[in-house]
Structure formats: C-alpha cells, structure tokens
Amino acid sequence: MGKWKQLMLTVALALGLVASAQANERKIVWKLAMSWGSTLHPFTTSVESMAKMVEQMSDGNFIIRIDSANKHKSAFGVLDMVKMGQYEMAHTASYYWKGKDLDLLPFTTMPFGMTAPEQYAWFYYGGGLELMQKAYAKHGMYSFPGGNTGNQMGGWFRKEINSLEDLKGLKMRIPGFAGEVLAELGSTVTNIAPGELYTSLERGTIDALEWVGPGMDINMGFHKIAPYYYTGWHEPATELQYLVNEKAFAKLPEKYKEILRVAMRTAAYDMYALNYHESAEAWSKIATEYPHIKVKTFPKEVMDAMKAANAKLLKQMSEESAFFKEVIDSQEAYLKKVRVWTKMSDFDYLKDNL
C-alpha cells in the first residue's frame, strides 16, 4: 500500500472513531425553570439562545429544556425548585429572594449603585462573582450573571409626583431593596408577578409600577394607562441570574461545564445589547404614537429622601448580616474607584455632546 493511501486510511479510521465516540456519547437532558412567562422577550430570548448554544457546542448531546412560569406556575418558586433538584437550572432575579435570604439581595442591583458596565467589571474582575458563589453555596447551587437590562426607568405613574407627600399612601409595584426604600417614605409596596401587572394598574389595584424600560414596557402596554414616565434611581444595572444546582453541575463532564459557562456568559451580554437596542427603538415609537406621555425626573426633595432612606436601610441590614455588609462594602469600594473612570470616559463625553 502506498504511503498516501496508508495516510488516508489512518485519517479515515481516526474520523470514524471520533464520529463513533460522538454518536455513543451519553445525552444529558436538563430542565430550566424561568420566573418569566413564555412571551417576556428579551428575557426568554436570552435563555433560548443560551440553550441553543449549549446544544450546538455539545453536538446535540447536552439539551436544556425550558419551562416558563406559565407551565410550572410558580414565578417566585424557582429558587426552591433548583435547590430541591426538581430543576437543574433557573433564570430569575436574585433580589426576589430577600425574604428567604438577605444575603442574596445585592446581586441583582442596588439603588444608586453601579451601572451595567461597572457592575460587570465588579462581577468578573472585582470579586463580585466569588461573593455571589459564596452566598448561593449554602443553598446548594451556583449563580451566574444572566443578562442585564441596563439602567431601568423609575416607573409608570397615573399621577405626577411633585413632593414627598405624593409618595405617602401610593400603591406601587416595585421589588427588591427599592421597595423597602419607598416603604420608608410611606408608600404601600407590593411585588406582583409579571403577568398580572397590566390588569393591576388598569383596575387601580396599584397606582404605579416599575418594570424595565421602553424596550420591554411597550409590549406590556403601561403607557396606555399611566401618562407619567419617571427616570430611574432604583435599578441602575439589573442583572438577572442563572441558578445551577451544585450536584447536577458536579456530574457534568468538564467540557460541558465549560460549554455551559461560555453559553451563559455570551447570552447574558447579548441580552444587555439587545435590550439597549430595543429600548431605543421602542421609545421612538412611544414618543411618536403617544405624545401625551411625559418623561419626568423625581424632584430633588424626593431624591434626597430616597438616598437618606437607602443609607438608613443599608446600615440596618448590614447590622443584621456580616456577609451582606461584606458585599455592600465591596460594591461601594469598587463603585468609588470605577466611577471616576465612568465620569471621565462617559459622563464628560455625553455632557459635551448632547
């Protein structure tokens, strides 16, 4: 046999062995529970993109099946579902779990905190991810950044907010730490599942709500009911989370672990870019089709009171949990350092070019 034919036979045998190995590789099927309904784009789009990447990079041998809140019927139950092993993964927001574990609260976003680029830098290079893993370890799971909305708007209000008095007795849907801040100022705060928000606002069950920003709000229709759209303060960098059952993750082959990490990180950042784009597109449409909508900024008196209430609550919660204090101290120290660069690179540029 000639050397060329012998080489070709060797290559063919090698390719055959690889193909055979791939064909015989054990398929792994996971389930993921979302806190969102099936139509809540781009949250759901991000999850679908992540699962598709995992399947493609594993040659179809690692499948993640996605159940929306419409199916599992427990938008705020996904933490326990992953903890108990009912689902291997979830896509949710960490600040939903304040009532279960205060230490999980800061990993979504904090009022008057970091912007999305600042917070991503903190997660990946400033120690934030390590702190988040430590917080979730006691629940038997890992947590990974799952997509950022950027700076969220302050909410849709049926009536204009002119003073602190206007916040007293105001019924508002606003989750997380920001809800605690408004409660300090006399508002009645509630957390309502996404699918019930429009009806609650329409029927007057609530007077105001915050959701995300134009890109997601336009599909919810809030602008048809509440004419005052306030700029943000409470969620400057809302990062969703992928929760992963620790035992299930440990059983994965090493290459699948890395595939999952890469897919989650890629899909997360893509969601940030997509949501930014869609907010720009949606606001252009809202401004044209609903010219009665008034974009407002909270009065200085209200903002100052919010900042004071925020500082008071942070102090109280830091006294409750040494770990919570460790996370807040880490965030504040990083913000103090990174904000100097943000001002130089972004704020000063925008200030001179708007």
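Structural data are supplied above this passage.
Being a predicted model, the structure only gives us computed values, none of them experimental.

Enquirer: Quick question: what am I supposed to make of the layout of surface pockets here?
Expert: In this approach the atoms are scanned with a rolling probe the size of a water molecule, which exposes any empty space left behind. The space that makes up the largest pocket amounts to roughly 1200 Å³. Forming the walls of the largest pocket are 39 residues, and the residues nearest its centre are T115, G150, N151, P236 and Y276. Elements that contribute at least two residues to the lining of the largest pocket include exactly α5 (116-125), α11 (254-289), α12 (300-320) and α13 (322-351). Looking at the lining of the largest pocket, the element that brings in the most residues is α13, giving 9 residues. The residue inventory of the lining of the largest pocket, partitioned by class, reads 20 nonpolar, 14 polar and 5 charged. Approximately 260 Å³ is the volume found for the second largest pocket. Lining the second largest pocket are 16 residues; nearest its centre among them are W36, G37, N70, P194 and G195. Taken together, the residues that form the lining of the second largest pocket break down as 7 nonpolar, 7 polar and 2 charged.

Enquirer: Is there a simple way to explain the nonpolar core in this structure?
Expert: Where a protein is soluble and globular, its nonpolar side chains tend to be buried together. W30, M50, I64, M89, L260 and M306 are the most contacted members of the largest nonpolar core, which has 105 residues in total. Here this core gets 9 residues from one element, more than from any other, and that element is α11. Not counting the four nearest positions on each side in its chain, M89 is found in contact with W30, K31, L32, A33, M50, I64, V82, Y242, L243, V244, L260 and M264. Listed in part, the 5 residues of the second largest apolar core include A116, Y120, A237 and Y272.

Enquirer: Quick question: what am I supposed to make of the packing of helix α2 (residues 43-57) against α11 here?
Expert: For any two helices packed against each other, the geometry comes down to the angle between their axes and how far apart the axes lie. As a packed pair, α2 and α11 sit with axes 9 Å apart at the nearest point and diverge in direction by 150°. Relative to α11, the element α2 lies roughly antiparallel. Here α2 runs over α11; the crossing is right-handed. Contact residues: α2 offers F43, S46, S49, M50, M53, V54 and M57, while α11 offers I259, L260, V262, A263, M264, T266, A267, A268 and M271. A per-class count over the contact of α2 with α11 returns 13 nonpolar, 3 polar and no charged.

Enquirer: How should I be thinking about the pairing of strand β3 (residues 89-92) in this particular structure?
Expert: Consecutive side chains of a regular strand alternate in pointing toward one face of the sheet and then the other. The two faces of β3 match: M89 and H91 on one face and A90 and T92 on the other face are all buried. Of the strand pairs in this sheet, strand β1 (residues 28-34) and β3 are connected by 3 bridges, and their pairing is parallel. Looking at the pairing, L32 lines up with M89 of β3. Two elements, β3 and strand β10 (residues 239-245), share 4 bridges in a ladder whose sense is antiparallel. What sits directly across from M89, in β10, is V244.

Enquirer: Explain the packing of aromatic side chains here, please?
Expert: What characterises a pair of aromatic rings is the spacing of the ring centres plus the angle enclosed by the ring planes. The full count for this structure, using the stated rule, is 23 aromatic pairs. Here W36 and Y96 contribute two aromatic rings whose centre-to-centre distance is 6.3 Å and whose plane-to-plane angle is 55°, an arrangement assigned as tilted. Taken together, the residues span a long stretch of sequence, with W36 in the loop between β1 and α2 and Y96 in the loop between β3 and α5 at a distance of 60 residues. For the ring pair F157 and F298, a centre distance of 5.8 Å and an interplane angle of 80° mean the geometry is edge-to-face. Of this pair, F157 sits in strand β5 (residues 155-157) while F298 sits in the loop between β11 (294-296) and α12; the two residues are 141 residues apart in sequence, bridging distant segments of the chain.

Cut-offs and rules
- Residues numbered from 1 in each chain as written.
- Predicted model: local features only at pLDDT ≥ 70, side-chain atom pairs only at ≥ 80, totals over all residues.
- Heavy atoms only, no water.
- 1 Å grid on protein atoms, 1.4 Å probe; cavity = no way out; pocket = protein on both sides within 12 Å on 5 of 7 lines; lining within 4 Å.
- Points joined across faces, edges and corners; volume = space filled by probe spheres on them.
- Helix = DSSP H or I, 4+ residues; strand = E, 2+ residues; numbered from the N terminus.
- Nonpolar A, V, L, I, M, F, W, Y, C, P; charged D, E, K, R; others polar.
- Core = buried A, V, L, I, M, F, W, Y, C linked by side-chain atoms within 4.5 Å.
- Buried < 20%, exposed > 50% of the residue type's maximum accessible area, 1.4 Å probe, protein only.
- Contact = heavy atoms within 4.5 Å.
- Axes fitted to C-alpha atoms, helices over the stretch in contact; angles between N-to-C directions.
- Parallel < 35°, antiparallel > 145°, perpendicular 65-115°, else oblique.
- Left-handed = near helix turned anticlockwise from the far one by under 90°.
- Pairing = 2+ DSSP bridges.
- Phe/Tyr/Trp six-rings, centres within 6.5 Å; stacked < 30°, edge-to-face > 60°.

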